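Structural overview
Residue strings, one per chain:
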Amino acid sequence: MPKAARIFSPISAPTIYTEKSAIPAKRSGMSELVAVALFSGIGLFVSLVAVILGVQGVWF
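1. Section: the overall build of the protein
Each helix and strand counted, the protein has two helices and zero strands in total. Per-residue burial for the protein yields a buried fraction of 2% across its 60 residues. When the accessible area of the protein is evaluated, it comes to approximately 6500 Å², of which 71% is carbon and sulfur surface.

If you want it as structure tokens, here you go:
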């Protein structure tokens with residue numbers, strides 16, 4: 001009676017990310033900061049224009 005050969009594939013070790021390797025060296029948090037600042041600035045500008053023009057009831 002023939003026996004089947006069992007072939008086990010090697011299990012690779014999981015990649016461990018350190019604080020420095022998890023963040024790419026070329027990209028910093030500056031682009032995210034610019035996006036948040038731009039979004040907040042646009043919101044503040046729209047709110048200011050609405051207050052100056054006396055728009056009421058639109059916010060609800």
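2. Remarks on the environment of Ser-31
Position of Ser-31 among the secondary structure elements: in helix 2 (residues 30–53). Exposure remark for Ser-31: the relative accessible area of 40% places this residue in the partly exposed category. At 3.2 Å, the side chain of Ser-31 and the side chain of Glu-32 are in polar contact.

3. Focus on helix 2
Here helix 2 spans 34 Å end to end across 24 residues, near enough to the 34 Å set by a 1.5 Å rise per residue. Following helix 2 by one or two positions, Gly-54 has its phi on the positive side, about 75 degrees.

4. Details of a nonpolar patch on the surface
A surface patch of nonpolar side chains, about 890 Å² in accessible area, is lined by Leu-38, Ile-42, Phe-45, Val-46, Leu-48, Val-49, Ile-52, Leu-53 and Val-55. By secondary structure assignment, the location of Val-49 is in helix 2.

What counts and what doesn't
Counting restarts for each chain, with residues numbered from 1 along the sequence as it is written. Given that the model is predicted, a residue must reach a pLDDT of at least 70 before its local features are reported, and side-chain atom pairs must reach 80 or more before they are shown or counted; all residues, however, enter totals for whole chains, interfaces and linings. With hydrogens and water stripped out, all remaining heavy atoms of the structure feed into the side-chain values. Under the DSSP-based scheme used, a helix requires at least four consecutive residues in state H or I and a strand at least two consecutive residues in state E, with every element numbered from the N terminus. Any residue under 20% of the maximum accessible area for its type is buried, any over 50% is exposed, and the rest in between are partly exposed; the area is computed with a 1.4 Å probe on protein chains only. Computed with the Shrake-Rupley method and a 1.4 Å probe, the accessible areas treat only the protein chains shown as cover for residues. Identification of polar contacts relies on pairs of N or O atoms within 3.5 Å, with a donor-acceptor requirement for protein atoms, meaning one able to donate a hydrogen and the other able to accept it, and with residues adjacent in sequence counted only if both atoms are side-chain atoms. Under the convention used throughout, the expected extent of a helix is 1.5 Å for every residue step, that is, one less than its residue count. Surface patches are defined over residues having more than 30% relative accessible area and no salt bridge, joining like charges when they lie within 9 Å and nonpolar side chains (Val, Leu, Ile, Met, Phe, Trp, Tyr) when within 5 Å. A pair is scored as a salt bridge if a Lys or Arg side-chain nitrogen falls within 4 Å of a carboxyl oxygen belonging to Asp or Glu.

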